[in-house]
Amino acid sequence: MKDPERLNYVRFNESGETFEGNIASLEFDEDIRGVKLESSNIGAPAYRVYGKTQKDQEVEIGAVWRRKNDQGQEYLQMSVHMRGRTVRANLGKYPGETDDSLMSVIFLRD
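Residues numbered from 1 in each chain as written. Predicted model: local features only at pLDDT ≥ 70, side-chain atom pairs only at ≥ 80, totals over all residues. Heavy atoms only, no water.

A. Quick peek at the overall build of the chain. Along its length, the chain carries zero helices and eight strands. Ordered by position from N to C terminus, the α and β elements of the chain give β-β-β-β-β-β-β-β. Against the globule reference of 13 Å for 110 residues, the chain gives a C-alpha radius of gyration of 14 Å, in line with a compact fold. Burial status across the chain gives 39% buried among its 110 residues. Within the chain, counting contacts between residues at least 6 apart in sequence, those at least 24 apart form 25% of the total. (Helix = DSSP H or I, 4+ residues; strand = E, 2+ residues; numbered from the N terminus. Rg over C-alpha atoms; globule rule 2.2 N^0.38 Å. Buried < 20%, exposed > 50% of the residue type's maximum accessible area, 1.4 Å probe, protein only. Contact = heavy atoms within 4.5 Å.)

Here you go:
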């Protein structure tokens, strides 16, 4: 399911229960995996995000939340901890993309 030719993307499985992808910059290049989180807490994230250690151990590195914009449209926002800093990004469609399972990781600048 991973796409070795893409950077900064997530691809959801058919059921939307999980995703796999990559986030990269000059400082990091990490394959990530997300797992849907079921919670009755309205502030809980929609997905937990996992990465791998240098010893190939899976660890939780962040989460994805469902948000609403000013027009009430829902979008996904990700926050992950990467080597001494927190990276925030929105998940959105690539221009012209027709595959609904594929989303671009759009970094937010602080």
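B. Layout of unusual backbone geometry. Positioned with a positive phi, N8 is a non-glycine residue whose angle comes to about 55°. Looking at the secondary structure, you find N8 in the segment before β1 (9-12). Owing to a relative accessible area of 16%, N8 belongs among the buried residues under this scheme. The residue R83 is not glycine, and still its phi comes out positive at about 35°. The class of R83 is exposed, set by a relative accessible area of 60%.

C. Examining the nonpolar core more closely. I23 and M78 are the most contacted members of the largest nonpolar core, which has 21 residues in total. For this core, the secondary-structure elements that each account for two or more residues are β1, β2 (18-24), β4 (47-52), β5 (58-68), β6 (74-82), β7 (85-92) and β8 (102-107). No other element matches the four residues that β6 contributes to this core. Apart from residues no more than four positions distant in its own chain, M78 is found in contact with I23, I32, V49, A63, V64, V87, R88, A89, L91 and V105. (Core = buried A, V, L, I, M, F, W, Y, C linked by side-chain atoms within 4.5 Å.)

D. Representation of the sheet that holds β6 within the structure. Around the barrel, eight strands lie side by side as β1-β2-β3-β4-β5-β6-β7-β8; this closed barrel has antiparallel pairing. Averaged over all pairs of adjacent strands, the angle between strand axes in this sheet comes to 30°, irrespective of strand direction. Two elements, β2 and strand β3 (residues 29-36), share seven bridges in a ladder whose sense is antiparallel. Pairing of I23 across the sheet is with E30, part of β3. (Pairing = 2+ DSSP bridges. Axes fitted to C-alpha atoms, helices over the stretch in contact; angles between N-to-C directions.)

E. Summary view of the packing of aromatic side chains. For the structure on display, the rule yields four aromatic pairs. A connected cluster of aromatic rings, assembled from ring pairs, spans F12, F19 and Y47. A cation over a ring is seen here: R6 above Y94, with NZ or CZ 4.8 Å from the ring centre. (Phe/Tyr/Trp six-rings, centres within 6.5 Å; stacked < 30°, edge-to-face > 60°. Lys NZ or Arg CZ within 6 Å of the ring centre and 35° of its normal.)

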